[in-house]
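Spelled out from the first residue to the last, the chains are:
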Amino acid sequence: MIPYIALLIASGAFLVLGYLASRRVRVVSDFLPVSREQGTRVRSLRDFSASTVATTVSLATIVAAYFNLVGHFGLWLLWTAFTGAAGMLLAALFAGRISDKLSQYRFRPSLHEFLACEYSLDALRRAAATFTIIGILLLLATEFIVGSSFLAQLIPGASRWVLTIGIAAVAVAYVMLGGFDTVIRTDRIQMLIIWWMIPAIAAAVVIVHAGSVDSILARATRDNTLRQLDAGLVWFLVGVALMNIPTHLSSMILFQRVSGSANRDITQGGLKRSAVGVLFTWGLLVLVAWLATIVVTGASGAEVFGNMLARLGESTVGNALAFLILMGLYCALLSTASAFLVAVGHTLATDIRAKSARPLGLQRVRLTILASTVIACGLVIVLQQLEFQIEDMIFSIYGGALSLFPPILIALLRDRVKLARLGPAALAAIVVGFIGGWGIALYGKLAGIQNLVFLSPTIGMVLSALVLGCGMTMEHLSAGARSK
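Presented here is an overview of the structure given in this document. It should be emphasised that the depicted structure is a prediction, and the values quoted were computed from it without experimental measurement.

### Focus: the pattern of salt bridges
Close approach of charged atoms allows side chains of opposite charge to pair.
Then step 1. Inspection of the entire model under this criterion finds 11 salt bridges.
Then step 2. Of the charged contacts in the structure, one is a salt bridge between Glu118 and Lys101, with a shortest N-O distance of 2.8 Å. In this pair, Glu118 is assigned in helix H7 (residues 111-119) and Lys101 in helix H6 (residues 95-102), connecting sequence segments 17 residues apart.
Then step 3. Looking at Lys101, the relative accessible area reads 5%, which means it is buried.
Then step 4. Two residues, Glu475 and Arg421, come together in a salt bridge whose shortest N-O distance is 2.8 Å. You can see Glu475 sitting in helix H21 (residues 450-483) and its partner Arg421 sitting in the loop between helix H19 (416-420) and helix H20 (423-447), a full 54 residues away along the chain.
Then step 5. Glu475 sits in the buried class, given a relative accessible area of 10%.
Then step 6. Taken together, the salt bridges that share partners define one network made up of Arg24, Arg43, Asp181 and Arg185.

Next comes the structure, spelled out in structure tokens:
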């Protein structure tokens, strides 16, 4: 009964927030951060940092992955927290430059509009948006399908597919109702509940162990030390670093919050606070996963949670902790899924169909969010039939966005006059980077070479950088020839 109560309370609260926000939504600028003069936006440092960190705490790719992988990697998983925070700090380092660039726009651009305008090549907008939306949709469906499957194993008698449809319907409904403003508001609540979940898991470990914290730590030190460094671990750590550090600067989800910030101070301060939030949230999740998998038996993360929740049901305090844990897991799923949904709507509205004969209006944006969710779930089911696991999808699919990193970095460092001559090279860099990275990942999976999957984001980024570097070299030589 406790799991159903937790899910129903959270679902009802977020749907109500979506409905209340919908009464203020009249046009697209009320739904998405596209207008500088009016409409929805990020209004405070707290909103920015809470929303940004909440979107990074995914049930499928962070919580479940930590509990599944900690038995294999141990505390080496803390590396993900350090590199994730470093990536956010890298974005903060460029916050002033981003704000200066965006202040020249009369509207609030998406990431792909920004690239197209800076390089003076409209084809860049659609090409980058197409690749981005493929990655976002696949990760959206992964969050729904894998996250719901994880929750279904914790709820007695729950059907995996019924739960997936129900949770997806809740997320899609409140995003379709209130748009970006609702996502920011619900993210704050979801982040607060996630912060309550982490100590609740730690307390549950103590209750299940029926011993002191000191005895648990002693057992952890004895039974689960750091894995010895070997070639496989090195490839994993390198892949994680090269994916996490540049990923935020090339993320449509983060750029949406940066572009939608009310002022420069919110952008700069929000990114710094987000770096601290990622470090502590991810780091603490690794630690509680490490302790839980030592004390609680289970062949997988879901089994560990299931066995722990079963023991908690024996007391009133335990039931309260189980309620907080399930609420936190559900919020981790919804916060990430809602961020993907509103990013999909934004990209489709402003990048894919913006200059077509029938531009997307408010109702069409809402319908595309619904249709995209259905299509995405179908694509992930196909990938699962090809035996792609969740870690494969994290690296190969989401990592593909790193192909945008070199063009974005150069766009932030150079002025538009010089960038205009690099437009074709930037377009080629993005296309080659995405296709090359995804192709290497697919080949690695089919050939059984897992390291190629781990390194596919890096390969895509390197290919993109090489193509753009060649374009810059040719442009420099051409400029030199003209000067003579």
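So that's the structure; there's more coming.
### Some thoughts on a nonpolar patch on the surface
Then step 1. A grouping of Trp195, Val276, Phe280, Leu284 and Leu287 is seen on the molecular surface, where their side chains present a nonpolar patch of about 420 Å² in accessible area.
Then step 2. You can see Trp195 is positioned in helix H9 (residues 160-209).
Then step 3. The class of Trp195 is partly exposed, set by a relative accessible area of 36%.

### Digging into the nonpolar core
Then step 1. Formed by 149 residues in total, the largest nonpolar core has its most connected members in Tyr119 and Leu329.
Then step 2. Among the elements that take part in this core, H9 stands out by supplying 22 residues, more than any other.
Then step 3. When neighbours within four sequence positions are excluded, Tyr119 is seen to be in contact with Leu124, Pro407, Ile410, Ala411, Leu419, Ala420, Leu422, Gly423, Ala426 and Leu468.

### Some points on the environment of Ser274
Then step 1. On the secondary structure map, Ser274 appears in helix H13 (residues 264-295).
Then step 2. Put simply, Ser274 and Phe48 are 226 residues apart on the chain and 7.9 Å apart in space, counted from C-alpha to C-alpha.
Then step 3. With residues near it in sequence (within four places) discarded, Ser274 still touches Phe48, Ser49, Thr52, Val53 and Met88.

### Here's the deal with the packing of aromatic side chains
Then step 1. Applying the stated criterion across every chain yields a total of 10 aromatic pairs.
Then step 2. A centroid spacing of 5.9 Å and a plane angle of 50° characterise the contact between Phe14 and Tyr174, whose relative ring orientation is tilted. In this pair, Phe14 sits in helix H1 (residues 2-22) while Tyr174 sits in helix H9, placing the two residues 160 residues apart along the sequence. In this pair, the class of Phe14 matches that of Tyr174, namely buried.
Then step 3. Geometrically, the ring pair formed by Phe150 and Phe305 is edge-to-face, given 5.6 Å between the ring centres and 80° between the ring planes. Taken together, the positions of Phe150 in helix H8 (residues 122-152) and Phe305 in helix H14 (residues 301-312) put the pair 155 residues apart, joining distant regions of the chain. One exposure class covers both Phe150 and Phe305, and it is buried.
Then step 4. An aromatic cluster is defined as three or more aromatic residues linked by ring pairs; in this entry it consists of Tyr105, Phe107, Phe114 and Phe255.
Then step 5. One Lys or Arg, Arg416, reaches over the ring of Tyr105 and ends 4.9 Å from the middle of that ring.

Cut-offs applied
Residues numbered from 1 in each chain as written. Predicted model: local features only at pLDDT ≥ 70, side-chain atom pairs only at ≥ 80, totals over all residues. Heavy atoms only, no water. Salt bridge = Lys/Arg side-chain N within 4 Å of Asp/Glu carboxyl O. Helix = DSSP H or I, 4+ residues; strand = E, 2+ residues; numbered from the N terminus. Buried < 20%, exposed > 50% of the residue type's maximum accessible area, 1.4 Å probe, protein only. Patch = residues over 30% accessible without salt bridge, like charges linked within 9 Å, V, L, I, M, F, W, Y side chains within 5 Å. Areas by Shrake-Rupley, 256 points an atom, 1.4 Å probe, with all protein chains shown as cover. Core = buried A, V, L, I, M, F, W, Y, C linked by side-chain atoms within 4.5 Å. Contact = heavy atoms within 4.5 Å. Phe/Tyr/Trp six-rings, centres within 6.5 Å; stacked < 30°, edge-to-face > 60°. Lys NZ or Arg CZ within 6 Å of the ring centre and 35° of its normal.

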